[in-house]
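Breakdown of the fold
Listed here are the chains, written in short residue letters.
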Amino acid sequence: MRIRTASMADLAAVAAVEGACFPAAEAATEKDFAARLAVYPNHFWLLEEDDGTLVSFVNGLVTDEPLLRDEMYADASLHNEHGVWQMIFGVNTLPQYRRRGLAGQVLERVIADARAQGRKGCVLTCKDKLIHYYEKFGFQNEGVSASTHGGVVWYDMRLTF
């Protein structure tokens, strides 16, 4: 398996994996991904099988804003390549590939790249059942998020370098 950044050619595969990982109310659409890939393809990390099958990915914009706002999911123009925080919109792994450490590999690469790029750190939101998972990577729980994305309760998580 290998990790690489994305291009517009990955649009259909990224949208398909997202659809398999999140309920419709929470999942980004192909249109959302097209807008993101047009602006920040280098902030999509894709984990592929040797045959090129996409099995896991992480994506998110970069900003100077310290909190992940719901508007960021839909507005790729909020990306600032020189921003200090790498936002993480989703950590996606196809269900049949879960519990193998693959998402962790991608997340470690995102963290390493953000650190190498001189960012202050990474920010994400997650559901309560995943707080402990992200804490293993050094993220700190900052409490219930202001996010209402998908109509569920999210927690703000931050990893500061």
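I will try to describe carefully the structure that is included in this document. All values reported here derive from a predicted model rather than from experimental measurement.

**A word on the overall build of the protein**
- Secondary structure assignment for the protein yields five helices and nine strands.
- Walking the protein from its N terminus toward its C terminus, one meets helices and strands in the order β-α-α-β-β-β-α-β-β-α-β-α-β-β.
- Against the globule reference of 15 Å for 161 residues, the protein gives a C-alpha radius of gyration of 14 Å, in line with a compact fold.
- Here the C-alpha coordinates of the protein stretch approximately 40 × 30 × 30 Å along the principal axes.
- In the protein, buried positions account for 48% of the 161 residues.
- Sequence separation of at least 24 residues holds for 63% of the intrachain contacts in the protein that already meet a minimum separation of 6.
- As presented, the protein carries roughly 7600 Å² of accessible surface, and 52% of it is formed by carbon and sulfur atoms.
- In the protein, which carries 16 positive and 21 negative side-chain charges, the distance between the mean positions of the two groups comes to 3 Å.

**Side note on the packing of aromatic side chains**
- Counted according to the given criterion, the structure contains eight aromatic pairs.
- Grouping aromatic residues by their ring pairs yields a cluster made of Phe33, Tyr40, Phe44 and Phe57.
- Its guanidinium or amino end placed over the ring of Trp85, Arg158 lies 4.6 Å from that ring's centre, counting from NZ or CZ.

**Points about the sheet that holds strand β8 (residues 140-144)**
- On the basis of which strands lie adjacent, the open sheet formed by five strands has the order β4-β5-β7-β9-β8 and mixed pairing. Both edges of this open sheet fall to β4 (62-63) and β8, since each of them pairs with a single strand only.
- Strand direction decides the pairing type here: strand β7 (residues 121-126) and strand β9 (residues 155-160), joined by six bridges, are antiparallel. Of the residues in β9, the one forming a bridge with Leu124 is Met157.

**What to know about the side chain of His149**
- Positionally, His149 belongs in the loop between β8 and β9.
- With relative accessibility at 18%, the residue His149 sits in the buried group.
- The contacts of His149, once residues within four sequence positions are left out, are Ala25, Glu26, Asp70, Tyr73 and Trp154.

Reading the values: the criteria
Residues numbered from 1 in each chain as written. Predicted model: local features only at pLDDT ≥ 70, side-chain atom pairs only at ≥ 80, totals over all residues. Heavy atoms only, no water. Helix = DSSP H or I, 4+ residues; strand = E, 2+ residues; numbered from the N terminus. Rg over C-alpha atoms; globule rule 2.2 N^0.38 Å. Buried < 20%, exposed > 50% of the residue type's maximum accessible area, 1.4 Å probe, protein only. Contact = heavy atoms within 4.5 Å. Areas by Shrake-Rupley, 256 points an atom, 1.4 Å probe, with all protein chains shown as cover. Lys, Arg positive; Asp, Glu negative; His and termini not counted. Charge placed at Lys NZ, Arg CZ, Asp CG, Glu CD. Phe/Tyr/Trp six-rings, centres within 6.5 Å; stacked < 30°, edge-to-face > 60°. Lys NZ or Arg CZ within 6 Å of the ring centre and 35° of its normal. Pairing = 2+ DSSP bridges.

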